[in-house]
Every structure is written in C-alpha cells, then in structure tokens.
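Chain and residue survey
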Amino acid sequence: MTIDQYANRFVCDLVAYEPGKPIDETARELGLNPAQIVKVASNENPLGPSPLAKAAMREAIEEGRFAAFAGDFRRGYAGGSEGSDAVSSRVSR
C-alpha cells in the first residue's frame, strides 16, 4: 500500500522542499571567500522590513482585533467585568 490511498490528493501533489545551496558551494561558484557570505533563509532580509511594509503593519494593528491570552482567563482579564477592551489595551502597550 502507498500513502496515495490514504492522503488527500493535494498532499500527494505537493512538491518536495529543495534546500538552498550550502555557503561553500555558492562561494566556489562565485569565487568568493565563504567567510564573506551571510546566508539568510528565503523569508529573511538583512535590511529588515521596508518602510511600506512597516506602514502596512501599523495600519493592520490599528484595524485588528486581538484574541485573549490563555492566562487572561485565569487572571480574570478576558470576558469578565473588565471585558475584552482590557485584553486589547494590554496588547497595545
């Protein structure tokens, strides 16, 4: 039996992850010293988010709604006499 008989079709159609090249291989191809190369993941950026991304995040925070933290129920912050505004104010500090 194979997994195809049990898994959802979309799972079977996924393409396997292919990791990036090792630093040594990249250095060899480009004629660089491996110590001069900084490797970051595909979702990382050594310069940080752009000003446009930061502005979009600020706007999204203002429009967003926050869920209660698990510990808030034990401490009485969520849904109790203080209501959900108490949770939101704690998050925005």
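Quantities reported herein were computed from a predicted structural model and do not represent experimental measurements.

Side note on the overall build of the chain
In terms of regular secondary structure, the chain is built from 5 helices and 0 strands. Listed by position from the N terminus, the elements making up the chain come as α-α-α-α-α. Across the 93 residues that make up the chain, the buried fraction comes to 8%. Intrachain contacts of the chain at a sequence separation of at least 6 include 3% that bridge at least 24 residues. Accessible surface, the chain as shown: approximately 8,300 Å² in total, 56% of it carbon and sulfur.

Some words on the environment of Pro34
Positionally, Pro34 belongs in the loop between α2 (23–30) and α3 (51–63). For the pair Pro34 and Asp24, spaced 10 residues apart in sequence, the C-alpha separation works out to 5.8 Å. When residues no more than four places from it in sequence are discounted, the contact partners of Pro34 are Ile23, Asp24 and Ala27.

Digging into the pattern of salt bridges
The final tally for this structure, using the stated rule, is 2 salt bridges. A salt bridge links Lys21 to Glu29; the shortest N-O distance between them is 2.5 Å. Residue Lys21 is classed as partly exposed on the basis of its relative accessible area, which comes to 43%. Overall, Glu29 belongs to the partly exposed group, its relative accessible area being 49%.

Details of a nonpolar patch on the surface
Taken together, the side chains of Phe10, Val11 and Leu14 present a nonpolar region at the surface, about 320 Å² in accessible area. Assignment of secondary structure puts Leu14 in the loop between α1 (9–12) and α2. Here Leu14 falls in the exposed class, since its relative accessible area comes to 60%.

Here we look at the confidence of the model for the chain
Mean pLDDT over the chain: 75, with 69% of residues reaching 70 or higher. At the low end of the mean pLDDT range in the chain sits helix α5 (residues 84–92), at 47; at the high end sits α2, at 94. When the criterion is pLDDT under 50, residues 80–93 qualifies, and its contacts beyond four places in sequence or with other chains add up to 17 contacts.

Cut-off values and rules
- Residues numbered from 1 in each chain as written.
- Predicted model: local features only at pLDDT ≥ 70, side-chain atom pairs only at ≥ 80, totals over all residues.
- Heavy atoms only, no water.
- Helix = DSSP H or I, 4+ residues; strand = E, 2+ residues; numbered from the N terminus.
- Buried < 20%, exposed > 50% of the residue type's maximum accessible area, 1.4 Å probe, protein only.
- Contact = heavy atoms within 4.5 Å.
- Areas by Shrake-Rupley, 256 points an atom, 1.4 Å probe, with all protein chains shown as cover.
- Salt bridge = Lys/Arg side-chain N within 4 Å of Asp/Glu carboxyl O.
- Patch = residues over 30% accessible without salt bridge, like charges linked within 9 Å, V, L, I, M, F, W, Y side chains within 5 Å.
- pLDDT = per-residue confidence, 0-100.

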